[in-house]
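# Structure at a glance
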Amino acid sequence: MEHRAEARIDVAAITANISLLKDLSGVDLLAVVKADAYGHGLIEIGLAAQKSGADWLGVALLEEAIALRTHGVQIPILAWLLPPGSDFRAAHNHNIDIAVASIAAFNELSSMKSQARIHIEVDTGMTRGGFLDEWQEFLTLDFSHVEVVGIFSHFARADEPNEKQNPDQLNRFNAMVADLAAIGINPPIKHISNSAATMKNHDATFDLVRTGIAMYGLSPDVKTLGDSKALGLKPAMQLRAKLHLVKKVPAGSLVGYGATAVTKADTTLGVVAMGYADGIPRTAQAAGVFFDGTRAPIIGRVSMDQFMVDLGPDSTAISGDWTIVFGDGSRGEYTADDWGAASSSINYEIITRIGPRVPRIYAPHVY
Ligand SMILES: *Cc1c(COP(=O)(O)O)cnc(C)c1O
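Residues numbered from 1 in each chain as written. Predicted model: local features only at pLDDT ≥ 70, side-chain atom pairs only at ≥ 80, totals over all residues. Heavy atoms only, no water.

Right, let's talk about the site of the ligand for a bit. With respect to spatial proximity, 13 residues lie near the ligand, and among them Lys34, Tyr38, Ser195, Ile213 and Tyr348 are the closest. Between the ligand and Tyr348, the relevant distance is 2.7 Å, taken from an oxygen atom to a side-chain nitrogen or oxygen of the residue. When the ligand sits alone it has 390 Å² of accessible area, and the protein chains cover 93% of it. Here the ligand is seated within the largest pocket. Elements with a contribution of two residues or more to the shell around the ligand: α2 (34-38) and β9 (208-211). (Near = heavy atom within 4 Å. Polar contact = N/O pair within 3.5 Å; in protein donor to acceptor, adjacent residues only side chain to side chain. Areas by Shrake-Rupley, 256 points an atom, 1.4 Å probe, with all protein chains shown as cover. 1 Å grid on protein atoms, 1.4 Å probe; cavity = no way out; pocket = protein on both sides within 12 Å on 5 of 7 lines; lining within 4 Å. Sits in = over half its atoms within 2 Å of the grid points. Helix = DSSP H or I, 4+ residues; strand = E, 2+ residues; numbered from the N terminus.)

In structure tokens:
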């Protein structure tokens with residue numbers, strides 16, 4: 001049986017990207033596999049990253065970390081979104097390192113008296129995760145019932161390497177590391193770099209880099225850093241979908257919900273078997289699919305399970321033909337970057353929102 005749509009994952013591309021990022025940083029690499037490995041499949045990519053030389057895996061949720069452990073991941077795993085009330089006992093039992101960003105969470109961990117492995121998360125200027133207002137009080141607590149493995153933070157503007165906020169955050173990080181040292185806590189692993197900093201800010205490397213988007217072969221910011229090709233990265237996901245229907249229509253045909261589009265001339269329309277329930281953004285304007293060597297733009301609104309494309313008057317497409325929704329761009333097809341731009345979003349959101357009903361197909365080489 002053939003699927004109506006597939007996300008084809010080139011595992012060799014991920015291996016190549018990991019090698020490149022490890023060479024660039026020269027330190028241990030934490031492969032970020034949160035959000036179903038950015039839509040590529042948590043377990044498959046977690047295991048592939050481990051095999052490809054990643055030293056750590058990083059996830060947001062405890063459930064993600066436990067799933068990796070129970071499917072054979074042996075390298076260290078850090079999970080960084082465990083609010084108070086999380087099952088810290090389970091995390092400890094599965095040998096999962098836990099990021100701590102609040103006194104409430106620290107107290108729960110400490111009261112287990114089990115020497116749980118923690119990474120202290122500090123807010124150095126992004127005003128999102130990490131200690132900020134509780135920091136001075138935190139420094140007065142008893143650290144004897146935990147093992148402090150790391151201290152880390154996160155950049156807000158690493159994709160804009162010339163912004164002053166980057167050195168400001170770095171200074172703040174060093175100051176907070178010194179605060180800890182002053183009370184006798186010297187975490188062996190300091191880390192702050194995401195993909196953009198790993199590639200563009202070598203002052204921020206420390207002991208470990210946490211790479212997400214670049215490992216999947218995409219640029220953290222096409223405008224400021226260039227695209228995948230410019231960065232030497234190989235996009236790992238190709239999304240393809242079948243034409244459910246192909247129909248010849250006359251000029252003046254009203255297309256889709258709300259009749260927001262009208263055909264300007266006689267043409268061939270393709271009905272693509274994917275929709276917003278599969279992660280195709282309803283707001284996408286200047287995107288489409290690639291068929292027979294050319295781009296066929298979206299026409300009309302994207303529906304839940306399908307959208308229409310204009311294949312042009314001379315198209316030879318027939319129902320059941322495959323189209324490429326996005327790929328690495330080497331054949332002229334749209335990329336995840338294009339879909340991000342076309343929907344006022346970013347490549348991160350495009351790949352992470354490919355829905356669960358789209359099967360992921362793994363191959364060492366897809367095309
Ligand atoms: C998601 C995330 C990363 C990875 O960011 P990329 O830009 O995808 O490399 C790194 N660290 C933390 C804390 C994150 O939440």
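Turning our attention to the sheet that holds β9. Reading around the circumference, β2-β3-β4-β5-β6-β7-β8-β9 is the order of the 8 strands in this closed barrel, with parallel pairing throughout. Ignoring which end each strand starts from, the neighbouring axes of this sheet average 30 degrees apart. Bridge count for strand β5 (residues 97-100) against strand β6 (residues 116-121) is 3 bridges, and the pairing is parallel. Within β6, the residue paired with Ile98 across the bridge is Ile118. (Pairing = 2+ DSSP bridges. Axes fitted to C-alpha atoms, helices over the stretch in contact; angles between N-to-C directions.)

Turning to empty space enclosed by the protein, a few remarks are in order. Inspection of every chain in the model, using the stated rule, returns 2 cavities of 30 Å³ or more. Counted as a void, the largest cavity has a volume near 50 Å³. Around the largest cavity, the lining residues are Glu121, Val122, Asp123, Thr124, Met126, Arg128, Gly129, Ser153 and His154. Quantified by volume, the second largest cavity comes out at close to 30 Å³. If you go around the second largest cavity, the residues you meet are Leu239, Gly279, Ile280, Pro281, Val325, Phe326, Trp339, Ile350 and Ile354. For the lining of the second largest cavity, the per-class residue count stands at 8 nonpolar, 1 polar and no charged. (Points joined across faces, edges and corners; volume = space filled by probe spheres on them. Nonpolar A, V, L, I, M, F, W, Y, C, P; charged D, E, K, R; others polar.)

This part is about the side chain of Glu64. Assignment of secondary structure puts Glu64 in helix α4 (residues 62-70). Look at Glu64: it is buried, it has no salt bridge, and the nearest opposite charge is Lys34 at 8.4 Å. At 2.9 Å, the side chain of Glu64 forms a polar contact with the backbone nitrogen of Leu61. (Buried < 20%, exposed > 50% of the residue type's maximum accessible area, 1.4 Å probe, protein only. Lys, Arg positive; Asp, Glu negative; His and termini not counted. Salt bridge = Lys/Arg side-chain N within 4 Å of Asp/Glu carboxyl O.)

Time to look at the side chain of Arg69. Within the secondary structure, Arg69 is located in helix α4. Within the buried core, Arg69 has no salt-bridge partner, and the shortest N-O distance to an opposite charge, that of Asp97, equals 6.2 Å. A distance of 2.7 Å separates a polar side-chain atom of Arg69 from the backbone oxygen of Val73. Not counting residues up to four positions away in its chain, the partners in contact with Arg69 are Gln74, Ile75, Pro76, Ile77, His94, Asn95 and Ile96. (Contact = heavy atoms within 4.5 Å.)

We now examine helix α8 (residues 165-182). Compared with the 26 Å implied by 1.5 Å per residue over 18 residues, the 25 Å span of α8 between its first and last C-alpha is a close match. Listed in full, the buried residues belonging to α8 are Asn166, Gln169, Leu170, Phe173, Met176, Val177 and Leu180. Along the long axis of α8, the arc covered by the buried residues comes to 125 degrees, so they all point the same way. Pointing more than 90 degrees away from the buried face of α8 are the exposed residues Asn171 and Ala182. Buried residues belonging to α8 abut β6, α7 (135-138), β7 (146-152) and β8 (189-193). (Expected span 1.5 Å × (residues − 1). Arc of directions from axis to C-beta.)

Within the largest apolar cluster, 112 residues are counted, with the highest numbers of intra-cluster contacts made by Val33, Ile120, Phe307, Phe326 and Trp339. Here this core spans two domains, since at least three of its residues come from each of domain 1 (11-217) and domain 2 (237-363). Residues Ala261, Leu269, Val271 and Met308 belong to the second largest nonpolar core, which totals 7 residues. (Core = buried A, V, L, I, M, F, W, Y, C linked by side-chain atoms within 4.5 Å. Domains from an automatic or database assignment.)

Attention shifts here to the pattern of salt bridges. Enumeration over the complete set of coordinates arrives at 17 salt bridges. Between Glu2 and Lys242 there is a salt bridge, with the nearest N and O atoms lying 3.5 Å from each other. With Glu2 in the segment before β1 (5-10) and Lys242 in strand β10 (residues 237-249), this pair connects stretches of sequence that are 240 residues apart. For Lys242, a relative accessible area of 15% translates into the label buried.

Most of the time, phi is negative for any residue but glycine, and the peptide bond is trans. Phi is positive for Ala35, which is not a glycine, with a value near 50 degrees. In this structure, Ala35 sits in helix α2. Here Ala35 falls in the partly exposed class, since its relative accessible area comes to 36%. A positive phi angle, near 50 degrees, is found at Lys113, a position not held by glycine. Looking at where Lys113 falls in the secondary structure, it is placed in the loop between α6 (103-111) and β6.

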